[in-house]
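A closer look at the structure
One-letter residues, chain by chain:
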Amino acid sequence: MNTTMFLILLSSFSVITGLVTETIKKVATDKANLSYNIVAIVTALIVGGCGTAIYYQLNGILFTANNIIYIILMGLASGITSMNGFDKVSQALSQISNKNK
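Residues numbered from 1 in each chain as written. Predicted model: local features only at pLDDT ≥ 70, side-chain atom pairs only at ≥ 80, totals over all residues. Heavy atoms only, no water.

Focus: the environment of isoleucine 41
Looking at the element boundaries, isoleucine 41 is found in helix α2 (residues 36-58). Taking C-alpha positions, isoleucine 41 is 8.3 Å from glycine 75, a pair spaced 34 residues apart along the chain. When residues no more than four places from it in sequence are discounted, the contact partners of isoleucine 41 are Gly79 and Met83. (Helix = DSSP H or I, 4+ residues; strand = E, 2+ residues; numbered from the N terminus. Contact = heavy atoms within 4.5 Å.)

Written out as structure tokens, the structure is:
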């Protein structure tokens, strides 16, 4: 995997993770006991890991020990980028909506 493909996958996974996390937050019934950072990390590990595994499968890349480590690291990286990006976007949207009122 080259750097360009890594960045494309990372940005795609972080957007998907943010959307799935928001959906989970809206659907969750027990919002008082739900830690959104934990939900975001777990979602990111699943989206990033599964997405990278699908990319490897579709491109005929073997599942070696190094590639499995890359799958886990991609999940963590997508979690970090999605949480950082979501917090900034959420804060900006709330500031814009409060400014209009």
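That shown, we press on.
A few points about the nonpolar core
Among the nonpolar cores identified, the biggest contains nine residues, and these are Leu9, Leu10, Phe13, Val47, Tyr55, Tyr56, Ile71, Met74 and Ala77. Of all the secondary structure elements, the ones that give two or more residues to this core are α1 (3-27), α2 and α3 (65-100). Beyond its immediate stretch of four places on either side in the chain, leucine 10 contacts Met74, Ala77, Ser78 and Thr81. (Core = buried A, V, L, I, M, F, W, Y, C linked by side-chain atoms within 4.5 Å. Buried < 20%, exposed > 50% of the residue type's maximum accessible area, 1.4 Å probe, protein only.)

Quick notes on the packing of aromatic side chains
In this structure the tally under the stated criterion is two aromatic pairs. Consider the rings of tyrosine 56 and phenylalanine 63, whose centres lie 6.1 Å apart with planes at 70°: the pair is edge-to-face. (Phe/Tyr/Trp six-rings, centres within 6.5 Å; stacked < 30°, edge-to-face > 60°.)

Here we look at α2
Taking 1.5 Å of rise per residue, the 23 residues of α2 would be expected to cover 33 Å, and the 32 Å separating its terminal C-alpha atoms lies within 8% of that figure. Listed in full, the buried residues belonging to α2 are Val39, Ala40, Thr43, Ala44, Val47, Gly48, Gly49, Gly51, Thr52, Tyr55 and Tyr56. Taken from the residues just after α2, glycine 60 is the one with a positive phi, measuring 70°. (Expected span 1.5 Å × (residues − 1).)

Observations regarding α1
With 25 residues, α1 ought to run about 36 Å at 1.5 Å a step, and its terminal C-alpha atoms sit 36 Å apart, in line with that. Regarding α1, the residues found buried are Leu9, Leu10, Phe13, Ser14, Thr17, Gly18, Thr21 and Lys25.

Looking at the packing of α1 against α2
Orientation of α1 relative to α2, taken along the N-to-C sense of each, is 140°, at an axis distance of 8 Å. Viewed along their axes, α1 and α2 adopt a mutual orientation that is oblique. Note on packing geometry: the crossing formed by α1 with α2 is right-handed. In this structure, α1 uses Met5, Leu9, Phe13, Ile16, Thr17, Val20, Thr21, Ile24 and Lys25 to contact α2, whose residues at the interface are Tyr36, Val39, Ala40, Thr43, Ala44, Val47, Gly48, Gly51, Thr52 and Tyr55. Looking at side-chain class alone, the contact of α1 with α2 contains twelve nonpolar, six polar and one charged residues. (Axes fitted to C-alpha atoms, helices over the stretch in contact; angles between N-to-C directions. Parallel < 35°, antiparallel > 145°, perpendicular 65-115°, else oblique. Left-handed = near helix turned anticlockwise from the far one by under 90°. Nonpolar A, V, L, I, M, F, W, Y, C, P; charged D, E, K, R; others polar.)

Here we look at a nonpolar patch on the surface
A surface patch of nonpolar side chains, amounting to about 710 Å² of accessible area, comprises Leu45, Phe63, Ile68, Ile69, Tyr70, Ile72, Leu73 and Leu76. Broken down by element, the residue count for the nonpolar patch peaks at six residues, all from α3. Note that phenylalanine 63 resides in the loop between α2 and α3. For phenylalanine 63, a relative accessible area of 40% puts it in the partly exposed group. (Patch = residues over 30% accessible without salt bridge, like charges linked within 9 Å, V, L, I, M, F, W, Y side chains within 5 Å. Areas by Shrake-Rupley, 256 points an atom, 1.4 Å probe, with all protein chains shown as cover. Salt bridge = Lys/Arg side-chain N within 4 Å of Asp/Glu carboxyl O.)

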